[in-house]
Amino acid sequence: MTTVLQPAGVLSFEQAYQTILDYSRGIRPPQTEEVPLLGALGRVLAEPVKADRDFPPFPRVTRDGYAVHAADLASLPATLRVIGQAKAGSGFTGTVERGQAVEIMTGAALPAGADAVVMVEYTEQDNDRVTIDRAVKAGENVVPAGAEASAGQELLSPGQRIRPAHIAMAAAVGKRRVRVYRKPRVAILATGDELVDLAEVPGPEQIRNSNSYSLSAHITEHGGEPLQLPVAPDEERKLSTLIHAGLEQSDMLVLSGGVSMGKFDLVEKALSSMGASFFFTGAQIQPGKPVVFGAIPAPSANSSASFAATPATMPLFGLPGNPVSVMVTFDLFVRPVLQALGGASPVRLPAAKARLASDFKTKTGLTRFLPALLKGGLYGPEVEVISWQGSGDLLASARANCYLVVPPDREAIPAGEMVSVLIR
Ligand code: AMP
Ligand code: MG
(Lines give C-alpha, C1' and ligand atoms only; values in the text may rest on other atoms or scores of the structure.)
(Ligands and ions follow the chains in the order given, each with its own letter.)
Protein backbone atom coordinates (compact mmCIF):
# COMPACT_ATOMS: atom_id res chain seq x y z
CA MET A 1 0.00 0.00 0.00
CA THR A 2 1.39 3.39 -0.88
CA THR A 3 0.76 6.40 1.30
CA VAL A 4 -0.38 9.50 -0.51
CA LEU A 5 1.86 12.26 0.74
CA GLN A 6 0.24 15.54 1.61
CA PRO A 7 2.00 18.88 1.46
CA ALA A 8 2.92 20.04 4.97
CA GLY A 9 4.85 22.74 6.77
CA VAL A 10 7.26 22.22 9.63
CA LEU A 11 7.19 18.65 10.99
CA SER A 12 8.66 16.96 14.02
CA PHE A 13 11.76 14.86 13.29
CA GLU A 14 9.75 11.62 13.46
CA GLN A 15 7.07 12.93 11.10
CA ALA A 16 9.64 14.23 8.65
CA TYR A 17 11.57 10.96 8.73
CA GLN A 18 8.35 8.96 8.23
CA THR A 19 7.52 11.17 5.25
CA ILE A 20 10.90 10.36 3.76
CA LEU A 21 10.34 6.62 4.26
CA ASP A 22 6.80 6.78 2.83
CA TYR A 23 8.09 8.60 -0.22
CA SER A 24 10.99 6.18 -0.61
CA ARG A 25 8.68 3.18 -0.56
CA GLY A 26 6.86 4.57 -3.60
CA ILE A 27 10.01 4.85 -5.69
CA ARG A 28 10.20 2.30 -8.49
CA PRO A 29 13.44 0.37 -8.86
CA PRO A 30 15.72 1.91 -11.47
CA GLN A 31 17.06 0.29 -14.61
CA THR A 32 19.74 -2.35 -14.28
CA GLU A 33 23.08 -3.15 -15.86
CA GLU A 34 25.48 -6.06 -15.69
CA VAL A 35 28.99 -5.50 -14.32
CA PRO A 36 32.04 -7.70 -13.65
CA LEU A 37 31.95 -9.10 -10.13
CA LEU A 38 34.52 -6.74 -8.62
CA GLY A 39 32.87 -3.75 -10.27
CA ALA A 40 29.81 -4.54 -8.19
CA LEU A 41 31.44 -3.51 -4.90
CA GLY A 42 29.32 -0.77 -3.33
CA ARG A 43 26.59 -1.16 -5.97
CA VAL A 44 23.07 -2.42 -5.29
CA LEU A 45 22.26 -5.96 -6.35
CA ALA A 46 19.40 -6.19 -8.85
CA GLU A 47 19.04 -9.99 -9.08
CA PRO A 48 18.94 -12.82 -6.58
CA VAL A 49 22.20 -14.71 -6.16
CA LYS A 50 21.46 -18.42 -5.64
CA ALA A 51 23.52 -21.37 -4.52
CA ASP A 52 24.54 -23.35 -7.61
CA ARG A 53 25.00 -26.47 -5.45
CA ASP A 54 24.91 -27.48 -1.80
CA PHE A 55 27.16 -25.52 0.57
CA PRO A 56 29.40 -27.08 1.55
CA PRO A 57 29.17 -29.48 -1.40
CA PHE A 58 30.70 -32.30 0.66
CA PRO A 59 31.05 -32.95 4.43
CA ARG A 60 33.85 -30.45 5.06
CA VAL A 61 36.45 -31.11 7.73
CA THR A 62 37.31 -28.07 9.86
CA ARG A 63 40.43 -29.31 11.65
CA ASP A 64 43.66 -31.09 10.87
CA GLY A 65 43.56 -34.51 12.52
CA TYR A 66 42.17 -38.00 11.99
CA ALA A 67 38.86 -39.08 10.53
CA VAL A 68 37.46 -41.75 12.82
CA HIS A 69 34.38 -43.58 14.05
CA ALA A 70 33.47 -41.65 17.21
CA ALA A 71 32.42 -44.95 18.79
CA ASP A 72 36.01 -46.21 18.53
CA LEU A 73 37.08 -43.61 21.10
CA ALA A 74 34.77 -44.83 23.86
CA SER A 75 37.70 -45.96 26.00
CA LEU A 76 40.93 -43.99 26.00
CA PRO A 77 43.66 -44.01 24.95
CA ALA A 78 42.52 -45.75 21.76
CA THR A 79 44.84 -47.03 19.06
CA LEU A 80 43.58 -47.12 15.46
CA ARG A 81 45.14 -48.24 12.19
CA VAL A 82 45.90 -45.39 9.76
CA ILE A 83 44.78 -46.54 6.30
CA GLY A 84 45.42 -43.39 4.28
CA GLN A 85 45.44 -39.65 3.95
CA ALA A 86 42.93 -37.01 2.81
CA LYS A 87 43.74 -33.43 1.96
CA ALA A 88 41.71 -30.48 0.73
CA GLY A 89 40.89 -31.05 -2.92
CA SER A 90 41.73 -34.76 -3.00
CA GLY A 91 40.08 -36.97 -0.46
CA PHE A 92 40.40 -40.59 0.58
CA THR A 93 38.50 -42.82 -1.82
CA GLY A 94 38.01 -45.92 0.33
CA THR A 95 35.81 -46.52 3.34
CA VAL A 96 36.93 -46.15 6.95
CA GLU A 97 35.99 -49.29 8.86
CA ARG A 98 35.75 -49.68 12.65
CA GLY A 99 39.23 -49.62 14.18
CA GLN A 100 40.61 -47.52 11.34
CA ALA A 101 41.50 -43.84 10.86
CA VAL A 102 42.47 -41.55 7.98
CA GLU A 103 44.91 -38.72 8.45
CA ILE A 104 43.01 -35.64 7.30
CA MET A 105 43.57 -31.92 6.69
CA THR A 106 41.29 -28.91 7.10
CA GLY A 107 39.09 -28.43 4.03
CA ALA A 108 39.13 -32.09 2.97
CA ALA A 109 35.98 -34.18 2.52
CA LEU A 110 35.21 -36.59 5.34
CA PRO A 111 35.81 -40.11 3.97
CA ALA A 112 32.96 -42.60 3.78
CA GLY A 113 32.46 -44.57 6.98
CA ALA A 114 34.04 -41.97 9.31
CA ASP A 115 31.69 -39.78 11.34
CA ALA A 116 34.01 -37.34 13.14
CA VAL A 117 37.48 -35.82 13.21
CA VAL A 118 39.72 -35.77 16.23
CA MET A 119 42.23 -32.90 16.31
CA VAL A 120 45.88 -33.73 15.63
CA GLU A 121 46.80 -32.15 19.00
CA TYR A 122 45.25 -35.17 20.80
CA THR A 123 47.00 -37.82 18.74
CA GLU A 124 50.35 -39.44 18.25
CA GLN A 125 51.17 -41.41 15.12
CA ASP A 126 53.73 -44.17 14.95
CA ASN A 127 54.02 -45.75 11.48
CA ASP A 128 50.48 -46.95 10.63
CA ARG A 129 49.20 -46.68 14.21
CA VAL A 130 47.70 -43.59 15.81
CA THR A 131 47.06 -43.31 19.53
CA ILE A 132 44.28 -40.94 20.52
CA ASP A 133 43.65 -39.67 24.03
CA ARG A 134 40.51 -37.54 23.51
CA ALA A 135 36.96 -38.66 22.64
CA VAL A 136 34.83 -36.94 19.98
CA LYS A 137 31.10 -36.81 19.36
CA ALA A 138 29.73 -38.00 16.02
CA GLY A 139 29.80 -35.02 13.66
CA GLU A 140 32.51 -33.17 15.58
CA ASN A 141 34.81 -30.98 13.45
CA VAL A 142 32.76 -31.66 10.33
CA VAL A 143 30.25 -29.36 8.54
CA PRO A 144 27.68 -31.64 6.86
CA ALA A 145 27.05 -31.21 3.13
CA GLY A 146 24.32 -28.61 2.54
CA ALA A 147 24.48 -27.33 6.13
CA GLU A 148 25.19 -23.73 5.07
CA ALA A 149 22.86 -23.63 2.06
CA SER A 150 21.16 -26.08 -0.25
CA ALA A 151 21.34 -25.92 -4.05
CA GLY A 152 18.97 -23.28 -5.45
CA GLN A 153 18.65 -21.38 -2.18
CA GLU A 154 18.65 -17.57 -2.44
CA LEU A 155 21.84 -16.32 -0.80
CA LEU A 156 21.64 -12.62 -1.65
CA SER A 157 18.49 -10.69 -2.44
CA PRO A 158 17.96 -7.75 -4.79
CA GLY A 159 18.27 -4.43 -2.99
CA GLN A 160 21.36 -5.49 -1.07
CA ARG A 161 24.30 -3.08 -1.19
CA ILE A 162 27.26 -5.24 -2.12
CA ARG A 163 30.07 -5.40 0.43
CA PRO A 164 33.20 -7.59 0.37
CA ALA A 165 31.44 -10.53 2.08
CA HIS A 166 28.78 -10.47 -0.67
CA ILE A 167 31.50 -10.46 -3.34
CA ALA A 168 32.90 -13.59 -1.69
CA MET A 169 29.48 -15.22 -1.75
CA ALA A 170 28.90 -14.40 -5.42
CA ALA A 171 32.39 -15.73 -6.23
CA ALA A 172 31.64 -18.94 -4.32
CA VAL A 173 28.64 -19.63 -6.58
CA GLY A 174 30.60 -18.82 -9.73
CA LYS A 175 29.08 -15.46 -10.66
CA ARG A 176 31.60 -13.61 -12.79
CA ARG A 177 29.15 -10.86 -13.66
CA VAL A 178 26.28 -9.53 -11.59
CA ARG A 179 23.25 -7.43 -12.39
CA VAL A 180 23.11 -4.19 -10.41
CA TYR A 181 20.90 -1.11 -10.42
CA ARG A 182 21.98 1.93 -12.34
CA LYS A 183 23.34 4.68 -10.08
CA PRO A 184 20.91 7.52 -9.53
CA ARG A 185 22.13 10.88 -10.80
CA VAL A 186 21.82 13.76 -8.38
CA ALA A 187 22.06 17.37 -9.49
CA ILE A 188 23.66 19.65 -6.90
CA LEU A 189 22.94 23.35 -6.86
CA ALA A 190 24.60 25.64 -4.31
CA THR A 191 22.92 29.01 -3.97
CA GLY A 192 24.23 32.25 -2.51
CA ASP A 193 25.66 35.57 -3.71
CA GLU A 194 28.59 35.14 -1.34
CA LEU A 195 29.82 31.94 -2.96
CA VAL A 196 32.73 31.54 -5.33
CA ASP A 197 34.00 28.40 -7.00
CA LEU A 198 37.33 26.80 -6.11
CA ALA A 199 39.04 28.22 -9.16
CA GLU A 200 38.40 31.77 -7.97
CA VAL A 201 40.06 33.84 -5.28
CA PRO A 202 37.37 34.84 -2.77
CA GLY A 203 36.90 38.54 -2.09
CA PRO A 204 36.91 39.79 1.53
CA GLU A 205 33.19 38.99 2.02
CA GLN A 206 33.04 35.92 -0.16
CA ILE A 207 33.43 32.27 0.78
CA ARG A 208 34.28 29.22 -1.27
CA ASN A 209 31.48 26.90 -2.23
CA SER A 210 32.30 23.84 -0.15
CA ASN A 211 28.79 22.41 -0.01
CA SER A 212 28.77 21.26 -3.63
CA TYR A 213 31.87 19.27 -2.85
CA SER A 214 30.70 17.77 0.44
CA LEU A 215 27.39 16.86 -1.21
CA SER A 216 29.15 15.31 -4.20
CA ALA A 217 31.26 13.25 -1.84
CA HIS A 218 28.25 12.17 0.28
CA ILE A 219 26.34 11.21 -2.86
CA THR A 220 29.24 9.25 -4.31
CA GLU A 221 29.79 7.50 -1.00
CA HIS A 222 26.15 6.40 -0.89
CA GLY A 223 25.92 5.05 -4.39
CA GLY A 224 24.86 8.05 -6.43
CA GLU A 225 26.41 9.97 -9.29
CA PRO A 226 26.76 13.67 -8.46
CA LEU A 227 26.35 16.38 -11.05
CA GLN A 228 27.57 19.79 -9.89
CA LEU A 229 25.80 22.76 -11.39
CA PRO A 230 27.40 26.22 -11.39
CA VAL A 231 26.73 28.29 -8.25
CA ALA A 232 23.36 30.06 -8.38
CA PRO A 233 23.10 33.68 -7.27
CA ASP A 234 20.27 34.83 -4.99
CA GLU A 235 18.23 35.90 -7.99
CA GLU A 236 15.06 34.05 -8.94
CA ARG A 237 15.35 33.97 -12.70
CA LYS A 238 18.93 32.64 -12.77
CA LEU A 239 18.05 30.22 -10.00
CA SER A 240 15.13 28.85 -12.04
CA THR A 241 17.30 28.43 -15.13
CA LEU A 242 19.84 26.38 -13.18
CA ILE A 243 17.15 24.34 -11.43
CA HIS A 244 15.71 23.51 -14.83
CA ALA A 245 19.13 22.45 -16.13
CA GLY A 246 19.52 20.20 -13.09
CA LEU A 247 16.13 18.57 -13.56
CA GLU A 248 16.87 17.70 -17.16
CA GLN A 249 19.99 15.74 -16.32
CA SER A 250 19.20 13.98 -13.07
CA ASP A 251 16.92 11.81 -10.98
CA MET A 252 16.93 14.08 -7.93
CA LEU A 253 17.81 17.68 -7.18
CA VAL A 254 19.63 18.80 -4.03
CA LEU A 255 20.02 22.50 -3.38
CA SER A 256 21.95 24.15 -0.59
CA GLY A 257 21.30 27.56 0.90
CA GLY A 258 18.46 29.98 0.45
CA VAL A 259 15.79 28.07 2.39
CA SER A 260 15.73 30.17 5.59
CA MET A 261 13.48 33.15 6.29
CA GLY A 262 15.79 35.82 4.88
CA LYS A 263 14.81 38.29 2.21
CA PHE A 264 17.14 36.59 -0.30
CA ASP A 265 16.12 33.05 0.51
CA LEU A 266 14.43 32.40 -2.83
CA VAL A 267 14.73 28.66 -3.28
CA GLU A 268 11.18 27.71 -2.23
CA LYS A 269 9.71 30.55 -4.27
CA ALA A 270 11.61 29.57 -7.41
CA LEU A 271 10.70 25.90 -6.98
CA SER A 272 7.01 26.70 -6.31
CA SER A 273 6.71 28.74 -9.45
CA MET A 274 8.10 25.73 -11.34
CA GLY A 275 5.30 23.57 -9.96
CA ALA A 276 7.03 21.97 -6.97
CA SER A 277 5.03 20.78 -3.98
CA PHE A 278 6.59 20.42 -0.55
CA PHE A 279 6.05 17.46 1.77
CA PHE A 280 7.73 19.48 4.50
CA THR A 281 9.23 22.92 4.63
CA GLY A 282 11.10 22.45 7.87
CA ALA A 283 11.79 19.91 10.61
CA GLN A 284 12.00 20.51 14.37
CA ILE A 285 15.67 19.58 14.42
CA GLN A 286 18.95 21.28 15.14
CA PRO A 287 21.00 21.81 13.09
CA GLY A 288 19.07 21.83 9.84
CA LYS A 289 15.64 23.16 10.82
CA PRO A 290 14.84 24.94 7.51
CA VAL A 291 15.28 21.72 5.44
CA VAL A 292 12.78 21.37 2.59
CA PHE A 293 11.63 18.17 0.89
CA GLY A 294 9.32 18.01 -2.08
CA ALA A 295 8.69 16.83 -5.60
CA ILE A 296 8.76 18.73 -8.84
CA PRO A 297 7.44 17.91 -12.32
CA ALA A 298 10.23 16.38 -14.36
CA PRO A 299 10.92 18.05 -17.69
CA SER A 300 9.91 15.87 -20.65
CA ALA A 301 13.54 15.97 -21.80
CA ASN A 302 14.45 13.80 -18.82
CA SER A 303 14.24 10.24 -20.03
CA SER A 304 14.72 8.72 -16.60
CA ALA A 305 11.88 10.53 -14.89
CA SER A 306 10.08 7.20 -14.53
CA PHE A 307 12.53 6.73 -11.69
CA ALA A 308 10.53 8.85 -9.25
CA ALA A 309 7.53 7.99 -7.08
CA THR A 310 5.01 9.44 -9.50
CA PRO A 311 6.23 9.05 -13.06
CA ALA A 312 6.17 12.72 -13.87
CA THR A 313 7.86 14.09 -10.77
CA MET A 314 11.29 14.04 -9.23
CA PRO A 315 12.30 14.34 -5.57
CA LEU A 316 14.04 17.49 -4.44
CA PHE A 317 15.71 18.76 -1.31
CA GLY A 318 16.50 22.29 -0.23
CA LEU A 319 19.14 22.00 2.47
CA PRO A 320 20.17 24.91 4.68
CA GLY A 321 23.49 26.37 3.53
CA ASN A 322 25.45 25.88 6.74
CA PRO A 323 27.96 23.09 6.16
CA VAL A 324 27.07 21.24 9.38
CA SER A 325 23.35 21.46 8.51
CA VAL A 326 24.17 20.05 5.08
CA MET A 327 25.92 17.07 6.66
CA VAL A 328 23.13 16.39 9.16
CA THR A 329 20.21 16.82 6.76
CA PHE A 330 21.99 14.72 4.15
CA ASP A 331 22.53 11.90 6.63
CA LEU A 332 18.99 12.06 8.05
CA PHE A 333 16.88 12.73 4.99
CA VAL A 334 18.68 12.72 1.63
CA ARG A 335 20.46 9.42 2.21
CA PRO A 336 17.30 7.25 2.46
CA VAL A 337 15.81 8.75 -0.72
CA LEU A 338 19.12 8.31 -2.53
CA GLN A 339 19.24 4.67 -1.43
CA ALA A 340 15.70 4.08 -2.67
CA LEU A 341 16.45 5.76 -6.00
CA GLY A 342 19.35 3.34 -6.31
CA GLY A 343 17.14 0.29 -5.76
CA ALA A 344 18.19 -0.34 -2.14
CA SER A 345 15.93 -0.42 0.87
CA PRO A 346 16.68 2.63 3.02
CA VAL A 347 18.60 1.84 6.18
CA ARG A 348 18.68 4.04 9.26
CA LEU A 349 22.00 5.25 10.58
CA PRO A 350 23.09 2.63 13.11
CA ALA A 351 22.32 3.70 16.68
CA ALA A 352 24.38 2.91 19.75
CA LYS A 353 24.52 3.82 23.41
CA ALA A 354 27.54 5.57 24.86
CA ARG A 355 28.48 7.33 28.07
CA LEU A 356 28.29 11.11 27.81
CA ALA A 357 31.76 12.54 28.49
CA SER A 358 30.73 15.90 29.98
CA ASP A 359 27.59 17.73 31.14
CA PHE A 360 25.41 18.99 28.35
CA LYS A 361 22.88 21.85 28.41
CA THR A 362 20.47 23.03 25.74
CA LYS A 363 16.87 24.22 25.25
CA THR A 364 13.84 22.00 24.78
CA GLY A 365 11.73 21.85 21.61
CA LEU A 366 14.03 20.46 18.94
CA THR A 367 15.51 17.01 18.35
CA ARG A 368 19.21 17.66 18.21
CA PHE A 369 21.77 15.77 16.16
CA LEU A 370 25.02 17.20 17.39
CA PRO A 371 28.32 16.39 15.72
CA ALA A 372 30.18 14.29 18.23
CA LEU A 373 33.15 12.03 18.66
CA LEU A 374 32.61 8.43 19.74
CA LYS A 375 35.75 7.15 21.42
CA GLY A 376 37.00 4.79 24.06
CA GLY A 377 38.19 1.25 23.71
CA LEU A 378 36.41 -1.92 22.78
CA TYR A 379 34.25 -1.69 25.91
CA GLY A 380 32.69 1.39 27.49
CA PRO A 381 32.36 3.77 24.52
CA GLU A 382 32.24 7.44 25.43
CA VAL A 383 30.79 10.29 23.40
CA GLU A 384 32.04 13.84 23.42
CA VAL A 385 30.09 16.67 21.81
CA ILE A 386 32.39 18.64 19.53
CA SER A 387 32.27 22.30 20.40
CA TRP A 388 31.31 24.28 17.34
CA GLN A 389 30.63 27.84 16.35
CA GLY A 390 27.06 27.39 15.14
CA SER A 391 26.01 25.44 12.08
CA GLY A 392 28.81 26.79 9.93
CA ASP A 393 31.70 25.07 11.62
CA LEU A 394 33.41 22.94 8.98
CA LEU A 395 36.07 21.76 11.40
CA ALA A 396 33.41 20.31 13.70
CA SER A 397 31.90 18.29 10.89
CA ALA A 398 35.31 17.04 9.84
CA ARG A 399 36.05 15.75 13.35
CA ALA A 400 32.65 14.15 13.96
CA ASN A 401 32.14 10.42 13.57
CA CYS A 402 28.65 10.34 15.05
CA TYR A 403 25.76 12.48 16.22
CA LEU A 404 24.68 12.80 19.82
CA VAL A 405 20.89 12.58 19.72
CA VAL A 406 19.16 14.85 22.22
CA PRO A 407 15.39 14.30 22.44
CA PRO A 408 13.24 17.45 22.28
CA ASP A 409 12.22 17.25 25.96
CA ARG A 410 15.73 17.21 27.42
CA GLU A 411 17.49 20.39 28.50
CA ALA A 412 20.29 18.99 30.61
CA ILE A 413 22.13 15.70 30.42
CA PRO A 414 24.68 14.97 33.13
CA ALA A 415 28.08 13.51 32.34
CA GLY A 416 28.04 9.73 32.68
CA GLU A 417 24.48 9.21 31.42
CA MET A 418 24.08 6.59 28.69
CA VAL A 419 22.96 8.53 25.62
CA SER A 420 21.98 7.62 22.07
CA VAL A 421 24.35 8.24 19.23
CA LEU A 422 23.87 7.74 15.52
CA ILE A 423 26.97 6.46 13.78
CA ARG A 424 27.83 8.20 10.51
P1 AMP B 1 21.85 30.17 3.88
O2 AMP B 1 21.21 28.88 4.20
O3 AMP B 1 21.80 30.52 2.42
O4 AMP B 1 21.27 31.26 4.74
O5 AMP B 1 23.37 30.04 4.28
C6 AMP B 1 23.73 29.82 5.62
C7 AMP B 1 25.21 29.91 5.83
O8 AMP B 1 25.87 28.88 5.12
C9 AMP B 1 25.84 31.19 5.35
O10 AMP B 1 26.84 31.58 6.27
C11 AMP B 1 26.45 30.82 4.04
O12 AMP B 1 27.51 31.65 3.69
C13 AMP B 1 26.88 29.40 4.26
N14 AMP B 1 26.84 28.71 2.99
C15 AMP B 1 25.80 28.73 2.14
N16 AMP B 1 26.08 28.01 1.03
C17 AMP B 1 27.34 27.53 1.18
C18 AMP B 1 28.18 26.74 0.37
N19 AMP B 1 27.79 26.28 -0.82
N20 AMP B 1 29.39 26.44 0.83
C21 AMP B 1 29.79 26.87 2.05
N22 AMP B 1 29.05 27.62 2.86
C23 AMP B 1 27.83 27.97 2.43
MG1 MG C 1 22.18 32.16 1.30
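Our subject is the structure that appears above.
The model shown is predicted, which means the values in this text are computed figures rather than measured ones. (Residues numbered from 1 in each chain as written. Chains lettered and ligands numbered in written order. Predicted model: local features only at pLDDT ≥ 70, side-chain atom pairs only at ≥ 80, totals over all residues. Heavy atoms only, no water.)

### With respect to the site of ligand 1
- In the vicinity of ligand 1 there are 14 residues, among which Glu-194, Asn-209, Gly-258, Gly-321 and Asn-322 approach most closely.
- Here an oxygen atom of ligand 1 and a side-chain polar atom of Glu-194 are 2.6 Å apart.
- Assessed atom by atom at 2 Å from the grid points, ligand 1 resides in the largest pocket. (Near = heavy atom within 4 Å. Polar contact = N/O pair within 3.5 Å; in protein donor to acceptor, adjacent residues only side chain to side chain. 1 Å grid on protein atoms, 1.4 Å probe; cavity = no way out; pocket = protein on both sides within 12 Å on 5 of 7 lines; lining within 4 Å. Sits in = over half its atoms within 2 Å of the grid points.)

### Describing the packing of helix 3 (residues 211–221) against helix 6 (residues 323–341)
- Closest axis-to-axis distance for the helix 3/helix 6 pair is 11 Å, and the angle between their directions is 30°. Between helix 3 and helix 6, the interaxial angle falls into the category roughly parallel. Crossing handedness for the pair helix 3 and helix 6: right-handed. Contacts between helix 3 and helix 6 involve Asn-211, Ser-214, Leu-215, His-218 and Ile-219 on the former and, on the latter, Pro-323, Val-326, Met-327, Phe-330 and Leu-338.
- Of the residues in the contact of helix 3 with helix 6, the class split is seven nonpolar, three polar and no charged. (Axes fitted to C-alpha atoms, helices over the stretch in contact; angles between N-to-C directions. Helix = DSSP H or I, 4+ residues; strand = E, 2+ residues; numbered from the N terminus. Parallel < 35°, antiparallel > 145°, perpendicular 65-115°, else oblique. Left-handed = near helix turned anticlockwise from the far one by under 90°. Contact = heavy atoms within 4.5 Å. Nonpolar A, V, L, I, M, F, W, Y, C, P; charged D, E, K, R; others polar.)

### Some remarks on the sheet that holds strand 9 (residues 123–126)
- A sheet is described by the order of its strands in space; here six strands give the open sequence 8-5-7-6-10-9, paired in mixed fashion. In this open sheet, the two edge strands, each paired with only one partner strand, are strand 8 (116–119) and strand 9. On average, adjacent strands in this sheet sit at an angle of 40° to one another, irrespective of strand direction.
- Looking at chain direction, strand 6 (residues 78–86) and strand 10 (residues 129–132) are connected through four bridges and run antiparallel. Each residue of the ladder has a partner; that of Arg-81, found in strand 10, is Arg-129. (Pairing = 2+ DSSP bridges.)

### A few points about empty space enclosed by the protein
- For the structure on display, the rule yields one cavity of 30 Å³ or more.
- The volume enclosed by the largest cavity comes to roughly 60 Å³.
- Taken together, Gly-42, Arg-43, Val-44, Arg-161, Tyr-181, Arg-182, Lys-183, Pro-184, Gly-223 and Gly-342 make up the full set of residues lining the largest cavity.
- Within the lining of the largest cavity, the residues separate by chemical class into three nonpolar, three polar and four charged. (Points joined across faces, edges and corners; volume = space filled by probe spheres on them.)

### Structural notes on the layout of surface pockets
- Counted as a void, the largest pocket has a volume near 350 Å³.
- As for the largest pocket, its lining consists of 26 residues, and the residues nearest its centre are Glu-194, Leu-195, Ile-207, Gly-321 and Asn-322.
- Broken down by class, the residue content of the lining of the largest pocket amounts to eight nonpolar, 13 polar and five charged.

### Details of the environment of Val-35
- Here Val-35 is to be found in strand 2 (residues 32–36).
- A C-alpha to C-alpha distance of 7.2 Å links Val-35 and Val-180, two positions 145 residues apart in sequence.
- Ignoring any residue separated from it by four or fewer positions in sequence, one finds Val-35 in contact with Ala-40, Arg-43, Arg-176, Arg-177, Val-178 and Val-180.

### Focus on the side chain of Thr-362
- With respect to the element layout, Thr-362 can be found in the loop between strand 25 (360–361) and strand 26 (367–375).
- Of note is the side chain of Thr-362, whose polar atom sits 2.9 Å from the side chain of Arg-368.
- Not counting chain neighbours up to four residues away, the residues in contact with Thr-362 comprise Arg-368, Val-406, Arg-410 and Glu-411.

### Re the packing of helix 1 (residues 13–25) against helix 6
- Running from amino to carboxyl end, helix 1 crosses helix 6 at an angle of 10°, the nearest separation of the two axes being 9 Å. In this view, helix 1 runs roughly parallel relative to helix 6, as classed from their interaxial angle. Taking contact as the criterion, the partners of Phe-13, Ala-16, Tyr-17, Ile-20, Tyr-23 and Ser-24 in helix 1 are, on helix 6, Leu-332, Phe-333, Pro-336, Val-337 and Ala-340.
- Residues of the contact of helix 1 with helix 6, tallied by class, amount to ten nonpolar, one polar and no charged.

### Some words on the environment of Gly-26
- Inspection of the secondary structure assignment puts Gly-26 in the loop between helix 1 and strand 2.
- It is 42 Å that separates the C-alpha atoms of Gly-26 and Pro-414, two residues lying 388 residues apart in sequence.

### Quick look at helix 1
- Taking 1.5 Å of rise per residue, the 13 residues of helix 1 would be expected to cover 18 Å, and the 18 Å separating its terminal C-alpha atoms lies within 8% of that figure.
- Taken as a whole, helix 1 has its buried residues at Phe-13, Ala-16, Tyr-17, Thr-19, Ile-20, Leu-21, Asp-22, Tyr-23 and Ser-24. (Expected span 1.5 Å × (residues − 1). Buried < 20%, exposed > 50% of the residue type's maximum accessible area, 1.4 Å probe, protein only.)

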